[in-house]
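Chain residues, written in single-letter form:
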Amino acid sequence: MARGEHYYIPHFERYPAEVKKHTAASYALNQKFYKVAFLSMDGCARDTRAPLGTLETLTLPAVPTVAAASDCLKSAIFNLKSSSPRFDSGIIRVEVPILQQIDALQWLRSQGHSDAARCFFSTRDSGDSFVESHEDGNGHARDRHRKIVSVAGLGSAVFFRQLHPFSLQDWLSIRRFLNKKCPLIRAYGALRFDATSSISAEWMNFGSFYFMIPQVEFDELSGTSILAATVAWDNVLSWNFEQAIATLEATLCQVSAVLRTNGSSHPAVVLQQSHAPDKYSWDSAVKKALKMITSEKSPLVKVVLARSSRVMTATEIDPLEWLTSLQAEGDDAYQFCIQPPESPAFIGNTPERLFHRHRMNVSSEALAGTRARGGTESLDLVIGNDLLSSAKDHHEFAVVRDCIRRKFESVCSCTLVEPNKALRKLPRVQHLYAKVTGTLQKKDDEFMFLSSLHPTPAVCGLPMEEARALISETESFDRGMYAGPVGWFGGEESEFAVGIRSALVGKGIDALIYAGTGIVEGSDSSLEWQELNLKTSQFTRMMNLGALLWQ
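Residues numbered from 1 in each chain as written. Predicted model: local features only at pLDDT ≥ 70, side-chain atom pairs only at ≥ 80, totals over all residues. Heavy atoms only, no water.

J.: Looking at this structure, how should I read the overall build of the protein chain?
T.: Across its full length, the protein chain carries 12 helices and 24 strands. Buried positions account for 58% of the 551 residues belonging to the protein chain. Across the protein chain, the fraction of contacts at a sequence separation of at least 24, relative to all contacts at a separation of at least 6, is 77%. Accessible surface for the protein chain amounts to roughly 22300 Å². Of this, 52% is attributable to carbon and sulfur atoms. (Helix = DSSP H or I, 4+ residues; strand = E, 2+ residues; numbered from the N terminus. Buried < 20%, exposed > 50% of the residue type's maximum accessible area, 1.4 Å probe, protein only. Contact = heavy atoms within 4.5 Å. Areas by Shrake-Rupley, 256 points an atom, 1.4 Å probe, with all protein chains shown as cover.)

Here it is in structure tokens:
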């Protein structure tokens, strides 16, 4: 450190003695990495097909608190730094189990306002499971299944982002860093709804797709938690082990072990709001769509038109605060946050699964038709029965279900639809629902499967190309990652939701709130506008609209 230069090192007093001695001297060097766009390895920088030299998970003994886990992790990274790697490329995850279940989103909020990359993903259906190997009392290897509730990440050990559409080579670039023996090394991210459309300024840092393997990660499990750090390097990608360790240490310096209490939040005061399209333009767009749908010259059966609602607020909205509020009513739904460095956050509370893969087994679901929930049990039953018996909604639902079934049959060796049609009840709305399952024929079919499924008729329409062309011609805003796949790839498992019921929040854009609705023969533009308002109500309830009318 040069004479006269002074640096504040966060939580320095908690460092282990051997780390504390060296940290002050290296902190100025780490700041160079910390200040320059939070440097990280670009996993798509070159067409690299060679496997990594090593993929490892190192599990340390369990500790009782986050603070103890943080100390153990920093000490382990220091020891890792002292040993030269035997390979020119690799990824190593160091994890410390914590003997209590701690909210991962609370941990992420406790890290303060950072310009580093952030991600969050909560599972649905009481959590996904992973297989953890351990030794029993006789020294024999045993596998046990653990349930993950949610995952939060800060900084990226390696990221994947390009402006071109997501390709097989991009998928293979991600898969290089994943292995079934390291089930918690996962790449979290999202893809654009339409990768062929122009990218607007607010979505530019997301590219056509954006994925990250977190540098520092907090996993909330059923009954326990894990604090982990991941270092990834590849000399061919011009990112060596020393650079990877230095940037990881810079991120760890910013990590707080003190958990912030989630206090009561105050609704954001809205100064101005606008819709794209407005109600008049919406009516015109629906009329145009219906004219095509009913025309014998057009094959169009359904199109999903969307609305972007921009709100300007008196103070900048904290996306994680909004996500915490969404989580409170998010039963049977995914909550997510994807935020590249120095970018707004893409957050959402989506009920819709795109697909889940466990080994070769895959599942998806059809979701269409919408009604509000009833205020009483009897009213809710009446509304649900009305949805089940509606010819218009059945038609919209059948289009989605049958299209997904056909896509499964094109890739999978066997396909099953069960239930064929049922109600899916959420806190504010209810939908028609069916589950589709199948078996992939080989591992590389996952990319083909994802490419085939997205976009589904539930967010685009049918036939897909005609619907997408009408959307591109009609909508005046960039959907970005709205209605695109959002989730994670793993070695043995992958899971993606559909990025609906979502918003782009923070970093000078205030908030852009997205919602869409399916237009089929018999649709009424005013009723569809009301459905948009119903779908955005989970966000608007968090705002003080004052004298503004949300119309």
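J.: For this particular structure, what's the right way to read the pattern of salt bridges?
T.: Opposite charge on two side chains lets them pair, provided their charged atoms get close. All told, the structure shown has 31 salt bridges when counted by the stated rule. The salt bridge involving Lys392 is made with Glu396; its shortest N-O contact spans 3.5 Å. In this pair, Lys392 and Glu396 both sit in helix 9 (residues 391-411), four residues apart, roughly one turn of the helix. Measuring nitrogen to oxygen at the nearest pair gives 3.1 Å for the salt bridge that ties Asp402 to Arg401. The exposure class assigned to Asp402 is partly exposed, which follows from its relative accessible area of 22%. Of the residues examined, Arg401 reaches a relative accessible area of 10% and is grouped as buried. Several salt bridges converge on common partners, so that one network encompasses Lys302, Arg371, Asp386, Lys392, Asp393, Glu396 and Glu528. (Salt bridge = Lys/Arg side-chain N within 4 Å of Asp/Glu carboxyl O.)

J.: Before we go on, may I ask you to explain the packing of aromatic side chains in this structure?
T.: Given two aromatic rings, their pairing is described by the distance between the two centres and the angle made by the two planes. Scanning the entire structure with this criterion turns up 23 aromatic pairs. Arranged with centres 5.5 Å apart and planes meeting at 20 degrees, the rings of Phe355 and Phe496 form a pair that is stacked. Taken together, the residues span a long stretch of sequence, with Phe355 in strand 14 (residues 353-358) and Phe496 in strand 21 (residues 493-498) at a distance of 141 residues. Considered together, Phe355 and Phe496 belong to a single accessibility category, that of buried residues. An aromatic cluster is built from Phe166, Trp171, Phe209, Phe211, Phe355, Phe408, Phe447, Phe449, Phe489 and Phe496, whose rings are joined through pairwise contacts. One residue, Arg307, lies across the ring of Trp529, its end atom 4.5 Å from the ring centre. If you follow Arg479 out to its NZ or CZ, it ends over the ring of Phe193, 4.3 Å from the centre. (Phe/Tyr/Trp six-rings, centres within 6.5 Å; stacked < 30°, edge-to-face > 60°. Lys NZ or Arg CZ within 6 Å of the ring centre and 35° of its normal.)

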